[in-house]
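What follows is the residue order along each chain.
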Amino acid sequence: MTNHGMSIDARHVMLLADLMSFKGEILGITRFGLAKMKESVLMLASFEKTADHLFDASFHGRKDSIDGVSECIIMGIPMAIGTGMFSLLNKSNIDSAPPQRPLLFDNPEFHIPGVEPT
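Computed from a predicted model, the values in this text were never measured in an experiment.

## Overview of the overall build of the protein chain
Next, step 1: Looking only at helices and strands, one finds 5 helices and 0 strands in the protein chain.
Next, step 2: Reading the protein chain from its N end, one meets helices and strands in the order α-α-α-α-α.
Next, step 3: Looking at the protein chain as a whole, 13% of its 118 residues qualify as buried.
Next, step 4: Taking as baseline every contact in the protein chain between residues at least 6 positions apart, the subset at least 24 positions apart corresponds to 21%.
Next, step 5: About 10,600 Å² of surface is accessible on the protein chain, with carbon and sulfur atoms providing 61% of the total.

Structural data, given as structure tokens:
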């Protein structure tokens, strides 16, 4: 690739090779290889033949756990990696409930002209 003015980090190639071989056989990054790698309906639908994958999934009543990057992007759910991996909790000494203020209409001195008090 350097002949074409591009460089690829070896870690990216190793990550791709790991993804292609984690099932014990070499699977291509094609619709057939992806179908063997993962059972996620939304992940398959995001690659090719979207309508076919969604139709087959609905016909067979398949469920999707929505735990991959593609699935989370499609559903608009933040992925639990990187900065989305944790939740930040902050303990405060301030009481979270604001003080209750008296309502204007509960005041017996308040009177609306033309309306008789009950």
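## Thoughts on the confidence of the model for the protein chain
Next, step 1: In the predicted model, the protein chain carries a mean pLDDT of 77, and the fraction of residues at 70 or more is 86%.
Next, step 2: In the model of the protein chain, helix 2 (residues 31-37) stands out as the element of lowest mean pLDDT, 68, in contrast to helix 4 (residues 50-60), which has the highest, 85.

## Quick look at the pattern of salt bridges
Next, step 1: For the structure on display, the rule yields 1 salt bridge.
Next, step 2: Arg-11 is the salt-bridge partner of Asp-9, the closest N and O atoms lying 2.6 Å from each other.
Next, step 3: Overall, Asp-9 belongs to the partly exposed group, its relative accessible area being 30%.

## Some remarks on a nonpolar patch on the surface
Next, step 1: On the surface, a nonpolar cluster with roughly 440 Å² of combined accessible area is contributed by Leu-16, Leu-19, Phe-22, Ile-29 and Phe-47.
Next, step 2: Within the secondary structure, Leu-19 is located in helix 1 (residues 10-21).

Conventions used here
Residues numbered from 1 in each chain as written. Predicted model: local features only at pLDDT ≥ 70, side-chain atom pairs only at ≥ 80, totals over all residues. Heavy atoms only, no water. Helix = DSSP H or I, 4+ residues; strand = E, 2+ residues; numbered from the N terminus. Buried < 20%, exposed > 50% of the residue type's maximum accessible area, 1.4 Å probe, protein only. Contact = heavy atoms within 4.5 Å. Areas by Shrake-Rupley, 256 points an atom, 1.4 Å probe, with all protein chains shown as cover. pLDDT = per-residue confidence, 0-100. Salt bridge = Lys/Arg side-chain N within 4 Å of Asp/Glu carboxyl O. Patch = residues over 30% accessible without salt bridge, like charges linked within 9 Å, V, L, I, M, F, W, Y side chains within 5 Å.

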